[in-house]
Amino acid sequence: PLVGAEFMPAMDSGEISISIEGDKGSLLPETDNTIKRVEQELRELPEVETIFSSVGSSSNMFMDTGVQGDKGTLYVKLVPRAERKRGVALVCEDLRQRVGNIPGARIKISVMDMTASMGSTSGPINVQVRGDDLKVLREISDQAAEIIRKVPGTREITASLSDGNPEVQVKIDRQRAASLGLTPGGVAAEIQNARQGAVATRYKVEGDEVDVRVRYSPQGYDEFSYLQNMNILSASGAVVKLSQIATFEMEPGPIQITREDRVRKAEINGYLLNRDLNAVMTDIQTELNKVKLPSGYTIEYGGENKEMMESFASLAVALLLAIILVYAVMAVLYESFFDPFVIMFSVPTAIIGIVLSLLLTGKHFSVVVFIGVIMLVGIVVANAIVLVDYLKQLRERGMERDAAIVEAGRVRLRPILMTALATILAMFPLALGIGDGGEMDAPLAIVVIGGLLVSTLITLVLVPVVYSIFDDWGQKLSRRRGMDVDAVAEETVEG
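All figures in this text were calculated on a predicted structure; none of them were measured in a lab. (Residues numbered from 1 in each chain as written. Predicted model: local features only at pLDDT ≥ 70, side-chain atom pairs only at ≥ 80, totals over all residues. Heavy atoms only, no water.)

Student: What exactly am I supposed to notice about the nonpolar core here?
Tutor: Nonpolar side chains in soluble globular proteins tend to end up buried together. Within the largest apolar cluster, 74 residues are counted, with the highest numbers of intra-cluster contacts made by V127, I268, I284 and L288. Counting residues per element, this core draws most heavily on helix α13 (residues 367-396), which supplies 15 residues. Other than its neighbours up to four places away in sequence, I268 contacts I125, N126, V127, V129, S141, A144, A145, I148, I157, T158 and A159. Judged by nonpolar contacts, the second largest core, of 19 residues, contains I35, V38, C92 and I109. (Core = buried A, V, L, I, M, F, W, Y, C linked by side-chain atoms within 4.5 Å. Buried < 20%, exposed > 50% of the residue type's maximum accessible area, 1.4 Å probe, protein only. Helix = DSSP H or I, 4+ residues; strand = E, 2+ residues; numbered from the N terminus. Contact = heavy atoms within 4.5 Å.)

Student: What is the right way to look at the side chain of T349 in this model?
Tutor: On the secondary structure map, T349 appears in helix α12 (residues 346-361). Judged by its relative accessible area of 6%, T349 is buried. Polar side-chain contacts of T349 include one of 3.2 Å to the side chain of S455. Residues contacting T349, with those up to four places away along its chain left out, are V454, S455, I458, T459 and L462. (Polar contact = N/O pair within 3.5 Å; in protein donor to acceptor, adjacent residues only side chain to side chain.)

Student: In this structure, what is going on with α12? I would like to understand it.
Tutor: Since there are 3.6 residues in each turn of an α-helix, residues three or four apart along the chain are aligned in direction. Across its 16 residues, α12 extends 23 Å between first and last C-alpha, which sits within 8% of the 22 Å expected from 1.5 Å per residue. Those residues of α12 lying buried are S346, V347, T349, A350, G353, I354, S357 and L358. Downstream of α12 by one or two residues, G362 has phi in the positive range, about 75°. (Expected span 1.5 Å × (residues − 1).)

Student: Teacher, can you tell me more about the pairing of strand β5 (residues 125-130) here?
Tutor: Across the six residues of β5, six count as buried, placing the element largely inside the fold. Burial along β5 is two-sided: I125, V127 and V129 and N126, Q128 and R130, pointing in opposite directions, are all buried. Alignment of β5 against strand β14 (residues 263-272), held across six bridges, turns out to be antiparallel. In the sheet register, V127 faces β14, and the bridge partner there is I268. (Pairing = 2+ DSSP bridges.)

Student: Help me understand the packing of α12 against α13 in this model?
Tutor: Helices that pack against each other are described as a pair by the angle of their axes relative to one another and the distance between those axes. Closest axis-to-axis distance for the α12/α13 pair is 9 Å, and the angle between their directions is 135°. Comparing the axis directions of α12 and α13 gives the class oblique. Between α12 and α13 lies a crossing of right-handed hand. Contact residues: S346, V347, A350, I354 and L358 in α12; V369, V373, L376, V377, V380, V381 and A384 in α13. In the contact of α12 with α13, the residues fall into eleven nonpolar, one polar and no charged. (Axes fitted to C-alpha atoms, helices over the stretch in contact; angles between N-to-C directions. Parallel < 35°, antiparallel > 145°, perpendicular 65-115°, else oblique. Left-handed = near helix turned anticlockwise from the far one by under 90°. Nonpolar A, V, L, I, M, F, W, Y, C, P; charged D, E, K, R; others polar.)

Student: Help me understand the packing of aromatic side chains in this model?
Tutor: By convention here, two paired aromatic rings are described through the distance between centres and the angle between planes. Throughout the structure, instances matching the rule amount to eight aromatic pairs. Between the aromatic rings of F341 and F345, the centroid separation amounts to 5.4 Å while the plane-to-plane angle is 85°, which identifies the pairing as edge-to-face. F341 gets classed as partly exposed once you look at its relative accessible area, which sits at 38%. On the basis of relative accessibility, which here comes to 28%, the residue F345 falls in the partly exposed class. Following the ring pairs from residue to residue traces out a cluster consisting of F341, F345, F470 and W473. (Phe/Tyr/Trp six-rings, centres within 6.5 Å; stacked < 30°, edge-to-face > 60°.)

It is worth stressing that arrangement in space is one thing and function is another; only the former is reported here.
Right, here's the structure in full:
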């Protein structure tokens with residue numbers, strides 16, 4: 001709870017992605033003007049080195065899926081980390097404040113990290129609303145997005161069910177059309193032929209084929225009355241105007257409909273600032289649990305939070321196996337269950353160092369940190385092995401237990417400190433996070449250093465104490481068994 005948890009450590013990639021979406025139906029020059037205003041704000045930032053703009057892109061600049069005049073993207077490259085005072089997250093926040101007053105545009109600013117380079121379009125926050133009706137889905141997703149925006153530490157919260165392009169929806173009166181021998185499919189085909197035409201044949205010229213398209217006269221094509229007065233030929237040969245069998249409504253249509261497991265879903269995505277993923281998602285789940293959902297609608301949590309939970313569960317199994325294997329190897333080599341059991345007491349003490357090191361450095365618990373914890377299982381027992389092994393040798397030579405404990409501590413202190421110090425110094429450069437992308441591996445080295453340092457100091461006191469306590473219990477148990485054996489022997493002799 002104090003440290004916080006995240007999927008992967010945040011990296012200062014020095015790259016920013018900006019997506020701009022204007023009002024539906026905006027023309028390309030209007031979007032271009034908005035991008036120029038954003039570029040002007042970017043040039044005022046001392047950290048900015050390169051700006052690349054793409055106007056009219058309907059997706060990100062690396063996976064373009066078409067052209068739309070109301071959208072645009074920008075890619076920003078910052079100067080190297082050593083040459084700037086602010087991290088990329090603070091630069092993004094500053095830019096959000098600068099461009100927040102630009103009217104007529106929705107501007108989304110995010111850090112291009114490792115997940116973005118792998119093609120992920122969603123941020124660390126991902127909430128999914130599932131149900132059948134698109135209208136209800138949109139209402140719930142908009143309500144959820146508004147709740148998530150109020151959670152501290154959230155940024156750039158967007159819902160996937162945004163406004164679509166305006167369209168004319170032609171709703172056929174099925175009974176009236178059927179009385180004239182028309183079907184909705186036939187009427188739709190007539191409308192398509194009038195608007196787009198139909199390929200009647202292909203004209204071959206010099207080895208190439210050119211479509212010959214037959215269509216209605218384009219005069220008045222863009223007028224609403226053109227669609228209302230369109231003539232539809234019925235099966236009986238009668239000509240019917242489209243307005244006689246249909247009604248017309250101007251509504252925004254959905255851009256895309258996403259399904260998962262055959263159920264429609266809407267997604268709310270977002271990014272983080274100055275808070276860990278686990279704390280933010282806990283607050284989001286607490287607030288969204290208060291929302292009363294209609295029957296048949298559910299809220300699920302995906303994205304990095306789901307990946308984090310799955311990864312932590314898998315690594316927890318790996319940690320358990322590591323502890324079992326380390327104990328089993330020592331039990332086989334020592335031919336005893338007692339000595340390995342005492343040695344394994346050095347493992348829990350490493351948790352103290354892990355928590356303290358993360359608190360002091362401001363790092364969060366992540367997959368990388370978990371890997372460091374698994375490494376510590378094999379590292380921290382080395383000091384206890386050096387101490388207990390020599391202690392066992394002294395007792396086999398006939399030395400009294402307490403004297404053997406003191407002698408083992410005196411003789412093995414230097415090797416223990418040398419071994420621990422060598423590992424700590426080897427991990428120190430990695431813990432500094434030097435170089436681009438060094439933030440990714442730094443938490444692993446930090447927990448190894450913290451866990452090993454605290455475990456070494458505590459092991460020098462804890463392991464001898466635990467050894468003496470369990471040895472006392474073992475001697476008492478042996479004496480009790482001896483008394484029981486003597487009693488049985490006396491009864492046998494008397495008998």
